[in-house]
Amino acid sequence: MPKFLHTADWQMGRAFTRFETEDGAALVEARFEAIETLARLASEHQCDAVLVAGDVFDAQTVSDRTIRRVFNATKDFTGPWVMLPGNHDAALAESVWTRAQRLGAVPENVHLALQPGVINLETEQLSVLCAPLTQRHTYGDLTEPFSGYETPEGFLRIGLAHGSVQGLLPDEIDSTNPIAPDRAQASRLDYLALGDWHGTKQIDERTWYSGTPEPERFRNNEVGNALIVEVSEPGATPSVTRLPTGRYQWHQFRETLAVHSDLEQLLERLNDLPESAVVDLRLDGSVTLAGEETLLKALSVAEARFRSLRCERSGLQLAPTDEDIAALKADGYVGEVVESLREKQEGAQDEVARDALAILAGLLRELEQEAAQ
């Protein structure tokens, strides 16, 4: 039974500049490890080929070192790889692909689909019908010629393309690089391997997006997988199995805190996340001084445990209770300052007032601790 691995959207060379340097470097390295994982899985599952449906590289300008490392990472699967240019690495006259060829970095078992047409893998009896992007955006369906491509009798007809299936993806996806929703049926394909949508998604029984093998953004759309596809014979319905490949899990929380139980639930959610988490947290609402102290301690612990934690608290006001103020022993003039800062959080200097209130509360706690020693 012919079997192949379907993957896409590696985005190699992507920079994670919004993260701390150490975290960004780890996220970059995870993408190289993902290719090694794909090669290992293809070998373990005795696949006949690996098909990469576009955007192997994030840009045409990636470094020579990145190009060499990408192809080096494929070495654990010695069967054929077919790599298709996508919108990020389109097959221009001068492209990342032509540089890779000049560098001598492309192994003999890696087929670059730089021209539309059919790549026949004779030993595996697979015909890969390729629709490479030769520019970043097109407005015609590049898979339409599949219907006219002849393939050897007994070979599986596997389409390989990168773009947007029309009318079936969320509205926010780019409308360029369109693909007809009935392409598999119209072109007599046994399977259509797609890239561009970064999550794993089934379009119909013969058409799938594999998604990116390593998450790289905060979207809950089934990222971090590869697909093992088996087709018993030409015309048979494919059997598709998802295999997890991602190392890091990306989580984005938008939380409004109003009562103490909101904070407790948030901290429970953070505590339940694995160490491989990449977390983006944005808080608004209000929290007491005691709650703020609890929050800061929990965030400090989480920052050390997770791969990355970024927390935006500019929308979170401090709302000291009478118990907070009593615990700080903030009477007299200091108490007036605390009350003034609490009120100013409602005005134009809300962020400055909140930070000043937090600093003052911290200083008062330190004085209290020193006095107790």
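Conventions adopted
- Residues numbered from 1 in each chain as written.
- Predicted model: local features only at pLDDT ≥ 70, side-chain atom pairs only at ≥ 80, totals over all residues.
- Heavy atoms only, no water.
- Pairing = 2+ DSSP bridges.
- Helix = DSSP H or I, 4+ residues; strand = E, 2+ residues; numbered from the N terminus.
- Axes fitted to C-alpha atoms, helices over the stretch in contact; angles between N-to-C directions.
- Phe/Tyr/Trp six-rings, centres within 6.5 Å; stacked < 30°, edge-to-face > 60°.
- Buried < 20%, exposed > 50% of the residue type's maximum accessible area, 1.4 Å probe, protein only.
- Lys NZ or Arg CZ within 6 Å of the ring centre and 35° of its normal.

J.: What am I meant to see in the sheet that holds strand E17 (residues 308-318) here?
T.: Pairing between the strands of a sheet comes from backbone hydrogen bonds, and it takes one of two forms, parallel or antiparallel. Within the open sheet, the three strands sit side by side as E15-E16-E17. Their pairing is parallel. The sheet is open, and its two borders are formed by strand E15 (249-257) and E17, each paired with just one other strand. For this sheet, the mean angle separating the axes of adjacent strands, direction not counted, is 5°. Here strand E16 (residues 277-287) pairs with E17 via nine bridges, running parallel. Each residue of the ladder has a partner; that of Gly285, found in E17, is Leu316.

J.: Sorry if this is basic, but what is going on with the packing of aromatic side chains here?
T.: Per the counting criterion, the structure on display carries 10 aromatic pairs. Centre to centre, the rings of Phe4 and Tyr191 are 5.5 Å apart; their planes meet at 65°, and the pair counts as edge-to-face. Here Tyr191 lies in strand E10 (residues 191-195) and Phe4 lies in strand E1 (residues 3-7), a separation of 187 residues in the sequence. Just as Phe4 is buried, Tyr191 falls in that class too. Ring plane angle 55° and centroid distance 4.9 Å describe the contact between Phe218 and Trp250, whose orientation is recorded as tilted. Taken together, the positions of Phe218 in the loop between strand E12 (207-209) and strand E13 (225-230) and Trp250 in strand E15 put the pair 32 residues apart, joining distant regions of the chain. Judged by its relative accessible area of 14%, Phe218 is buried. Put simply, the rings of Phe16, Phe19, Phe218 and Trp250 pair up and form one aromatic cluster. Taking the ring centre of Phe32 as reference, the NZ or CZ of Arg69 above it sits at 3.9 Å. Here Arg269 stacks its cationic end above the ring of Phe253, 4.2 Å away from the centre of that ring.

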